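Below, each chain spelled out in residue letters.
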Amino acid sequence: GMFYRFGDGSKPVMDYRTVADKIDTSRLTSASKLFASARFDYIDVDLSNCNTLWMCFRAEWHRVNTTHISLKVTDKCTNFDYAFNYQWDLSDLVFKDGSVIAANIDLSDCPLTRESIESVMRALSTTSSGKTLTLNADAVHNAFTDAEWSALKATRSNWKMPTRPQFRLPMMERINASVSIV
């Protein structure tokens, strides 16, 4: 992807907003690995013509990750596979007005806020069936009471919504695991 492995991994290198006005992503048809392993604090993109977001925002497990992503997608996108893997720091995920998610999406690595989970839920297609949204179990538990979560899930009963514990190594283990001693 265009920003693949952008930065050295020790910290985010820049705010995407500083270059966003120079990059038009609205006509892309594929965003595969576009921001994979990139070191941005904040990403705001229009990916509404993309048919795949395969590994688009996938982070590397031992690096500092993106904390805010704002994007627009449509039901043209049929592949979110690995799009948000290892995004252990992504708490703010906003699907812009008009966004439609009509394919399976796994956000179980993301400790999303209540507002982010609600944004995802609003973007889920009301006509797709048999699709799965997987969320981080701790994020859901911290954001909603059981009754609130049940009520929110009922608004998209055409979706399966399992939750899964976040797989995350503590920071020192992530750093130590990335260092090899010869």
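Computed from a predicted model, the values in this text were never measured in an experiment. (Residues numbered from 1 in each chain as written. Predicted model: local features only at pLDDT ≥ 70, side-chain atom pairs only at ≥ 80, totals over all residues. Heavy atoms only, no water.)

Looking at the overall build of the protein chain
- For the protein chain, the helix and strand inventory stands at four helices and seven strands.
- Reading the helices (α) and strands (β) of the protein chain from amino to carboxyl end gives β-β-β-β-α-β-α-α-β-β-α.
- Each of the 182 residues in the protein chain was classed as buried or not, and the buried ones make up 45%.
- In the protein chain, once contacts between residues fewer than 6 apart in sequence are set aside, the share between residues at least 24 apart is 68%.
- Carbon together with sulfur atoms contributes 51% to the accessible area of the protein chain, which is approximately 9100 Å² in total. (Helix = DSSP H or I, 4+ residues; strand = E, 2+ residues; numbered from the N terminus. Buried < 20%, exposed > 50% of the residue type's maximum accessible area, 1.4 Å probe, protein only. Contact = heavy atoms within 4.5 Å. Areas by Shrake-Rupley, 256 points an atom, 1.4 Å probe, with all protein chains shown as cover.)

Remarks on the packing of helix 1 (residues 114-123) against helix 3 (residues 146-154)
- Put simply, helix 1 and helix 3 touch, their axes get as near as 10 Å, and they point 20° apart. Accordingly, the angle class assigned to the pair helix 1 and helix 3 is roughly parallel. Between helix 1 and helix 3 lies a crossing of right-handed hand. Only Glu-148, Trp-149, Leu-152 and Lys-153 of helix 3 make contact with helix 1, whose side of the interface consists of Arg-114, Ile-117, Glu-118 and Met-121. (Axes fitted to C-alpha atoms, helices over the stretch in contact; angles between N-to-C directions. Parallel < 35°, antiparallel > 145°, perpendicular 65-115°, else oblique. Left-handed = near helix turned anticlockwise from the far one by under 90°.)

Focus on empty space enclosed by the protein
- A complete count under the given rule lists one cavity of 30 Å³ or more for this structure.
- Taken together, 11 residues form the lining of the largest cavity, with Phe-35, Ala-38, Phe-57, Thr-66 and Gln-87 sitting closest to its centre.
- Per-class residue counts for the lining of the largest cavity are six nonpolar, three polar and two charged. (1 Å grid on protein atoms, 1.4 Å probe; cavity = no way out; pocket = protein on both sides within 12 Å on 5 of 7 lines; lining within 4 Å. Points joined across faces, edges and corners; volume = space filled by probe spheres on them. Nonpolar A, V, L, I, M, F, W, Y, C, P; charged D, E, K, R; others polar.)

Details of the packing of aromatic side chains
- The tally for this structure, following the rule as stated, stands at four aromatic pairs.
- When the centroid spacing of 5.7 Å and the interplanar angle of 5° are considered together, the rings of Phe-35 and Phe-57 count as stacked. Here Phe-35 is found in the segment before strand 1 (42-46), whereas its partner Phe-57 is found in the loop between strand 1 and strand 2 (68-72), with 22 residues between them in sequence.
- A centroid spacing of 5.5 Å and a plane angle of 65° characterise the contact between Tyr-86 and Trp-88, whose relative ring orientation is edge-to-face.
- The partly exposed category is assigned to Tyr-86, whose relative accessible area is 22%.
- Feature note: the residues Phe-35, Phe-57 and Phe-84 constitute an aromatic cluster, connected by ring pairs. (Phe/Tyr/Trp six-rings, centres within 6.5 Å; stacked < 30°, edge-to-face > 60°.)

Quick word on the confidence of the model for the protein chain
- In the predicted model, the protein chain carries a mean pLDDT of 82, and 75% of its residues have values of at least 70.
- The low-confidence segment residues 4-10, where pLDDT is below 50, has 25 contacts with residues more than four positions distant or belonging to other chains.
- Here residues 171-182 is modelled with pLDDT under 50, and outside its nearest four sequence neighbours on either side it reaches 11 contacts, counting other chains as well. (pLDDT = per-residue confidence, 0-100.)

Observations concerning the sheet that holds strand 2
- Across the sheet, three strands lie side by side as 1-2-3; this open sheet has parallel pairing. Here the strands that pair on one side only, and so sit at the sheet edges, are strand 1 and strand 3 (92-95). This sheet shows a mean twist of 5° between the axes of neighbouring strands, independent of strand direction. (Pairing = 2+ DSSP bridges.)

Notes on the state of the cysteines
- Summed over the entire model, instances satisfying the criterion amount to zero disulfides.
- Between Cys-50, a free cysteine, and Cys-77, which holds the nearest cysteine sulfur, the sulfur-to-sulfur gap is 7.0 Å.
- On the basis of relative accessibility, which here comes to 1%, the residue Cys-50 falls in the buried class. (Disulfide = S-S within 2.5 Å.)

Description of the pattern of salt bridges
- The tally for this structure, following the rule as stated, stands at five salt bridges.
- In this structure, Asp-24 and Arg-27 form a salt bridge, with 3.7 Å as the shortest nitrogen-oxygen distance.
- Using a relative accessible area of 68% as the deciding quantity, one classes Arg-27 as exposed.
- The shortest N-O distance in the salt bridge between Glu-148 and Arg-114 comes to 3.2 Å. Residue Glu-148 is found in helix 3, and its partner Arg-114 is found in helix 1; the two are separated by 34 residues along the sequence.
- Given a relative accessible area of 33%, Glu-148 falls into the partly exposed group. (Salt bridge = Lys/Arg side-chain N within 4 Å of Asp/Glu carboxyl O.)

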